[in-house]
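Survey of secondary and tertiary structure
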Amino acid sequence: MNKTLLSLFFFFISVVVLAQAERFPIFSECEDLEILNSEACFKSQLRSVVTKDFKIPKTVSDDNFNGILNVLFVVEVTGKFKVLYVNSPYEELKAEVERVFENLPKITPAKYNNHAVEMQFVYPLVIPFNREENIEKVEKRAEIIQQGIVVKEELTSIEELPKKESLFPEYKSYLNIPFTHSGYNVLEGYLNQIQNSHTAMKPYVYNNVSEKVDLESKKKALILPNKTSWFGRKLLNEHMAFVKGKEYWFTVNPVVDLQLGSDSEGVNTFNNTRGIQVNGGLGKNLNFSTSFYESQGRFAKYFNDYAELIRPAGGSPAFIPGRGIAKDFKNDAYDYPVAEAYISYTPNSHFNFQFGSGKNFIGDGYRSLFLSDVASPYPYLKINTKFWKIQYTNLWMWMQDTRRELTVDGAYKRKFMAIHYLSWNVSKKLNVGLFEAVIWDNANDKGFDVRYLNPLIFYTAAEFEGGSRAGNALLGASLKYKLNTSISLYSQLILDDFRLSEVGSGSGWWGNKSGLQLGAKYFNAFNVENLFLQLEYNTVRPYTYSHDELNYNYGHNSEAVAHLWGANFNEFIAKASYTKERWFVNAKLVQGKKGFDYNSAQDQYSYGGAIYNDNDNRGSDYDNVVGQGNVANIFIGDLQVGYLVNPATNLKLFGGVTSRNFDIKNSIQGFENLNSTWFTFGLKTDIFNWYTDF
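Values in this document were obtained by computation on a predicted structure and should not be read as measured data.

Some remarks on unusual backbone geometry
Cis geometry marks the peptide bond from Ile127 to Pro128, where omega comes out at -5°. Tracing the chain through its elements places Pro128 in the loop between β6 (119-127) and α5 (135-146). Between Lys202 and Pro203 the backbone carries a cis peptide bond, its omega angle lying at 5°. Among the secondary structure elements, Pro203 is positioned in the loop between β7 (201-202) and α8 (206-210). The phi dihedral of Asp409 is positive, around 50°, even though this residue is not glycine. Within the secondary structure layout, Asp409 lies in the loop between β19 (390-401) and β20 (413-425). Unusually for a residue other than glycine, Ser558 sits at a positive phi of about 65°. Mapping Ser558 onto the fold places it in the loop between β26 (555-556) and β27 (559-560). Judged by its relative accessible area of 12%, Ser558 falls in the buried class.

Some thoughts on helix α4 (residues 91-102)
Residues spaced three or four apart along an α-helix face the same direction, because each turn holds 3.6 residues. The end-to-end C-alpha distance of α4, which contains 12 residues, comes to 16 Å, matching closely the 16 Å that a straight helix rising 1.5 Å per residue would cover. Of the positions making up α4, those classed as buried are Leu93, Glu96, Val97, Val100 and Phe101. Seen end-on, α4 carries its buried residues on one side only, within an arc spanning 125°. Along its buried surface, α4 packs onto α2 (38-53), α3 (58-62), β2 (67-75), β3 (81-86) and β6.

Structural notes on the sheet that holds β3
Read across the open sheet, the 3 strands follow the order β3-β2-β6; overall the sheet is antiparallel. Unpaired on one side and paired on the other, β3 and β6 mark the two borders of the sheet. Sheet twist, expressed as the mean angle between neighbouring strand axes with direction ignored, is 30°. With 9 bridges joining them, β2 and β6 adopt antiparallel strand pairing. Bridged to Val75 within β6 is Met119. Contacts from α4 reach β2, β3 and β6, with the element oriented near 165° to β3.

What to know about the confidence of the model for the chain
With 90% of its residues at a pLDDT of 70 or more, the chain has an overall mean of 88. Contacts of residues 4-21 to residues separated by more than four positions or lying in other chains number 9 contacts, the stretch itself having pLDDT below 50. Throughout residues 142-163 the model reports pLDDT below 50, and contacts reaching past four residues in sequence, or to other chains, amount to 30 contacts.

Re the packing of α2 against α4
With their axes 10 Å apart at the nearest point, α2 and α4 run at an angle of 120° to one another. Taken together, α2 and α4 sit at an angle that is classed as oblique. When the axes of α2 and α4 are compared, the crossing they make is right-handed. Taken together, the residues of α4 that come into contact with α2 (itself represented by Leu46, Val50 and Asp53) are Glu96, Arg99, Val100 and Phe101. For the contact of α2 with α4, the class distribution of residues is 4 nonpolar, no polar and 3 charged.

Criteria and cut-off values
Residues numbered from 1 in each chain as written. Predicted model: local features only at pLDDT ≥ 70, side-chain atom pairs only at ≥ 80, totals over all residues. Heavy atoms only, no water. Helix = DSSP H or I, 4+ residues; strand = E, 2+ residues; numbered from the N terminus. Buried < 20%, exposed > 50% of the residue type's maximum accessible area, 1.4 Å probe, protein only. Expected span 1.5 Å × (residues − 1). Arc of directions from axis to C-beta. Contact = heavy atoms within 4.5 Å. Pairing = 2+ DSSP bridges. Axes fitted to C-alpha atoms, helices over the stretch in contact; angles between N-to-C directions. pLDDT = per-residue confidence, 0-100. Parallel < 35°, antiparallel > 145°, perpendicular 65-115°, else oblique. Left-handed = near helix turned anticlockwise from the far one by under 90°. Nonpolar A, V, L, I, M, F, W, Y, C, P; charged D, E, K, R; others polar.

Given below as structure tokens:
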């Protein structure tokens, strides 16, 4: 090849590369520049037009505010600017940023392969403007933030950054954000404003959310500035103890749940939980958390009846739903200790490993048909893997059955569960999830089956390979669709078992074991900031989650692992919550129908509602419908009003009322016809969900 051909070849390659490359948006002032200079011109021109039109609000000037606002925005395919997020401590600053960007002129949009595309940016706005002599460093930091990378050396070299020590070290850690539905509704509202995110696998990790949302500034907005005494700061603003060294930090906080109340059946209720939680970090990648709770309590009659119904073998009087085994306390109450702990290791941006004892949740709804947090804590190993548009979760759990028929020499029967969950952001609006689980025990002394340690293996095939009685596999799929930045729709489909030839026949074959969830969330509803609304429908066919092998059901410690109601039910849920600074209101309505067994001498069949019952003990192979058997109509209304005492520990003062109407055809042990009202008030550290709506 001669020199002329070689030159033409490289010229052709350069033209192709430039044609395929992503080109920056172009202001009219930059149109005559070469492509290689378009990025610098875009940034320079943007800075010029923004600062020219920007008017610093009087409250900001009066406070002598010095800082950097990171403005996350996109240039749309139309060439119009759209602000997605502003990490401003002042609402006035945020409003001014939105006004300025709204008035920016339309420009030539970014292009890829000569087609107009949307391009996202982070613009660092330095306040006051006369501090722009370090703009190159500030823009470098903005690029790092946009890429989701935290580089400590770069951040600490920027003179404009505040020097004050963070009060909340957990926000830059790989610890779990405590999972409460009310708290996560707020988080999802923030995430929904920015982009399509992986929101189903809970709890979230602080650092993953902090990359997208400035959690610390939102928490600081709740700080009471006039609390300068040690007691005032520790009670109302900060962690009780915070120790930090060069390569470590840890916080220590008391945990309380002190409640008094009464129900309409004449039961005086109380809960007295005292505990301690220690969170910390060693180096950059390793974090840990440990909590211990010592509790005594007496609850509403329906709750106590159910707790005693599911009591474990061995003489303990009750199993407190969601918490653990209880012993007697003063003859008419319960004493139930609980311990939880985990370590979290994140070697790089792709992997997070966790090992501990606690709970997990998969789904975007209030309920989950895949994996919920309604049962008591269990040991688990979890690996979260992130790459491209994928988040892939491997979860292995060690569970047990406490029923008398499976207890040998005082030891409860162990069983194991393995779960795969793949979350894929198909587009900026659509997320698809694929779920798979398998349950097995120590049959034939196989113990923890090493086949299920394979993070990629298809569980259904592996379970089939182990023998027809080797385990119980479930499959599922989920969808989430963002209509806009305020409304998202979600769904789940669970398949425990099915026969394709029977699915569309309408015969009600018992083996078509499945469940469906449909729901919608409305963030900042009707343009009211922090008003959240949610509607949800759940239905699960009879015999779903059950098995004819006693230990292969989808449960742990006599509780359901998925939906609280087990199977053979349908349910409508409406939720609303509103927060204003530290005040909050939460409301919930549940209306449903569930089929129970009769448990009588005349009828001892299983109608598919109790997941721990042998599904071979059914009355019929066909004509099975949701709500069959001893049907109960259930209505639950719940209202809670309160005040956030300490944002660092999520300590809340609250009062609430729960109205429950349970109308069952024939009363059975643990479930009887009962209309009750339960009043409570108290002070609690709100760091986990506790369900009483059954």
